[in-house]
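# Summary of structural features
Residue strings, one per chain:
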Amino acid sequence: MRQSIRKAVVLGAGTMGSAIAAHLANAGVPTVLLDIVPGELTEEEQKKGLTLQSPEVRNRLATQAIARLQKAQPPAFFSPERAGLITVGNLEDHLNAVSDADWVIEAVIEVLPVKQQLMEKVERFWRPGTIVSTNTSGLPVHRIVEDRSLEFRRHFLGTHFFNPPRYMRLLEIIPTNDTDPKIVERMSRVGEFLLGKGVVYAKDRPNFIANRIGTYSFLLAVKLMLEQGLTIEEVDELTGPAIGRPRTGTFRLLDLVGLDIALHVAENAYRNLPEDEEREIYRIPEFLRVMAERGWLGEKTGGGFYKRVDGEIYALDYTTMEYRPRRKASFPSVEAARNIEDIKKRIRQLIFAEDRAGRYLWPLLSGILVYTARRIPEITDEIVNIDRAMRWGFGWELGPFELWDALGVRDVAQRLEAEGKELPALVQAVLRTKEGTFYRKGNGKREYFDLSTQGYRAEVFSPQVIVLSSLREQGKVVASNPGASLLDLGDGVACLEFHTKMNTIGEDIIRMLHQSLEEVRKHFDGLVIGNQGRDFSVGANLMLLLLEAQEGNWEDLDLAVRQFQRAGMAIKYFDRPVVAAPFGRTLAGGCEICLAAPRIQAAAETYMGLVEVGVGLIPAGGGTKEMVLRSQERIPEGAPADLLPFLRVAFETIALAKVSTSAEDARRLGFLRPTDGISMNTDHLLYDAKQAVLEMVRTGYRPPFPRKIRVVGERGRAAILSYLYNMRVGEYITPYEEHIGRKLAYVMTGGDVPENALVTEEYLLDLEREAFLSLLGEPKTQERIRHMLQTGKPLRN
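All values reported here derive from a predicted model rather than from experimental measurement.

## Brief notes about a nonpolar patch on the surface
Residues Ile109, Val111 and Val114 make up a contiguous nonpolar surface patch of about 220 Å² in total accessible area. By secondary structure assignment, the location of Ile109 is in the loop between strand S4 (103-106) and helix H5 (112-125). On the accessibility criterion, Ile109 (54% relative accessible area) is exposed.

## Describing the sheet that holds strand S5 (residues 131-134)
Strand order in the open sheet formed by 8 strands is S3-S2-S1-S4-S5-S6-S7-S8, and the pairing between neighbours is mixed. A single partner strand is all that each edge strand has here, and the edge strands are strand S3 (86-90) and strand S8 (198-201). Adjacent strand axes in the sheet meet at a mean angle of 25°, parallel and antiparallel pairs treated alike. Bridge analysis of strand S7 (residues 170-175) against S8 gives 4 bridges, and the strand direction is parallel. Residue pairing in the sheet places Leu170 in a bridge with Gly198 of S8. With respect to the sheet, helix H1 (residues 15-26) is in contact with strand S1 (8-11), strand S2 (31-35), S3, S4 and strand S6 (156-161), its orientation differing from that of S2 by roughly 170°. In the packing of helix H17 (residues 383-394) onto the sheet, contacts are made with S7 and S8, and the angle to S8 comes to roughly 140°.

## Comments concerning the layout of surface pockets
Empty space among the atoms can be located by rolling a probe the size of a water molecule over them. Considering only enclosed or pocket space, the second largest pocket measures out at about 330 Å³ in volume. In terms of lining residues, the second largest pocket is bounded by 13 residues, among which Arg252, Glu299, Tyr306, Arg308 and Ile313 are the most central. Grouping the amino acids of the lining of the second largest pocket by side-chain chemistry returns 3 nonpolar, 4 polar and 6 charged.

## Remarks on the pattern of salt bridges
Summed over all chains, the structure comprises 71 salt bridges. The shortest N-O distance in the salt bridge between Glu761 and Lys572 comes to 3.0 Å. Separated by 189 residues along the polypeptide, Glu761 in helix H32 (residues 761-776) and Lys572 in helix H24 (residues 554-572) bring together distant segments of the chain. According to the relative accessible area criterion, Glu761 is buried, its value standing at 5%. Overlapping salt bridges, with partners in common, bring together Arg205, Arg212, Glu275, Asp276, Glu277, Arg375 and Glu378 in one network.

Reading the values: the criteria
Residues numbered from 1 in each chain as written. Predicted model: local features only at pLDDT ≥ 70, side-chain atom pairs only at ≥ 80, totals over all residues. Heavy atoms only, no water. Patch = residues over 30% accessible without salt bridge, like charges linked within 9 Å, V, L, I, M, F, W, Y side chains within 5 Å. Areas by Shrake-Rupley, 256 points an atom, 1.4 Å probe, with all protein chains shown as cover. Salt bridge = Lys/Arg side-chain N within 4 Å of Asp/Glu carboxyl O. Helix = DSSP H or I, 4+ residues; strand = E, 2+ residues; numbered from the N terminus. Buried < 20%, exposed > 50% of the residue type's maximum accessible area, 1.4 Å probe, protein only. Pairing = 2+ DSSP bridges. Axes fitted to C-alpha atoms, helices over the stretch in contact; angles between N-to-C directions. Contact = heavy atoms within 4.5 Å. 1 Å grid on protein atoms, 1.4 Å probe; cavity = no way out; pocket = protein on both sides within 12 Å on 5 of 7 lines; lining within 4 Å. Points joined across faces, edges and corners; volume = space filled by probe spheres on them. Nonpolar A, V, L, I, M, F, W, Y, C, P; charged D, E, K, R; others polar.

Treat this as a map of the structure, not an account of what it does.
Given below as structure tokens:
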């Protein structure tokens, strides 16, 4: 797929255009970023003696955009070097770059005449075969090129990215009536395979799918807030994780996005949807207009619905239009529902609650459900496109039609009818089916209701997508316990899946790991260690460790650590290929399991690290030992190199609890080897890992041969202790952190042995375990663990 897009041009270096260029660079695509020519010099340019004709001035906006990207948090680039794939220019001098591009993306200001005029200029340099797309968030796609030639229009479509493009999975593809179907298919594959996106197809209707439903949801939330007299904080409490939405809720999300952008989308809907039965919901409430006029747009202007005052967070009181200290929102039904992990059960309990929360959530969620059901087939023909768009674009755990099923279509319909509301035609059609649901299970796969055929169709995935839940329903479970399962992926490959809360590693997972290796040895050719939770694994169960330590169960703790270490060694020296497939947070013990595997196939968005120091411990599941080994792998075979500089890099990685910002960054930190693979699309991760196993089988995989490890010994440790002393004196670390660092240094340098001594892996594992247990017994470490469990943040004591 990289061959299909050899070069791209992005027109417009604003927030979206520059971030799209960054993600193209992440995908390895050389990209030209162009913007308008400035009309006047800055003071700094005048001091340099530059003129309006100087290239530095004419390319200023694109150059500044790259500089912003390089400082962006979270990072826009997988690694800083990726910025080198972007060439800057301007729309007057460098538009001829279009003639050498495979894909041109327009991302200029959301003004139709401006976009139309730019397309006229683009066509002068355009060559047949080059795809041209617009990133408009809601303007009519066909209108942008209505005056262009038919051949140009056949290569034109909408490709709507969500901000920030690197992190938001959704890519809406919007063909026009003139778009060549082959171009649509090609761009779908580019989005899925090259850029790692979740692709949905939208019709050319105002705001497409996600923004249409998302904007309606936001404005309905505001309308109900005003009617019921709730506060900003209360609405955020009700529209966050309690109902399967992001922690930002409604208003914190708007502060991140920018109120101006949200209002622009709403005004676009009001202006262009005269036939919408809910058109009035898009009329902007007065207090939002006042906020926009005052420049209270969110984080980018220093404040919106929330703002920080002298380190304290204040919230807007929309009745007085003044800020006041943020107040904690509390609802009895929400508090009672916190312990319900099943999102479907939790929402069902909340929506039918009889307190203020239920009185707010019922009209909000039922209103969204009804409105969404009426949008089929207006904005898309298939309900899966809407559900995927809201999950991938807005971070909802359940899409609207999945929520219909979770609440019970008949139950919701009956309550709506009791309130005198007319059911959408789509809902009436679903109620006429035997199932009475939008989705059903068929042959181990999910099927969805199709309005056009009045029947069910199988949900279609790319062949590169393996869905573990479907395998379970197909009876592919080989073995299982409460913490993990072994599933048959087919073709002689099994998958060890974790399914504890946050995939924390405990006794059940370790037991299933050993059982899985035995099953694979008897019945399979290789093993993938992977899952499809939110994160690969956040490490060991800290609460359990703390309780055992406080009760003085040191023999049990020693045994537990030994078992974890043995599991890592069993993975490393297993006689069949094992591939770990990390994604998301892969921390502490989760990272150690990956380090033990002979091969890793990581998702591009993998945040990997040995973070035990943050809770006053050191890695003791083989992670410390593996980082010592990996530090030496960077030295060419037979080179008479000093080990210490390489070891110090590994030491700092652990001691500073560094976490990668991407899989590419994990390779820089030494968690991934040069031979490990990276999957741009997380949905393809298990497939790619399975293919890696099969490739290892085909090439005659043999496990590594145990070898002794050369260590830097006491001399090397003295250098590291000196470094720690200077860090403490400079107040970069606390005295207790120096203490932890000394324990870590003792292990990584090989203990009380001379320089260049050869030690075994088992010897280093013993040192790891002893240091871990000694630290776990210290009051300050236990204080750190308690603080982490209570706040989710490290304590520096």
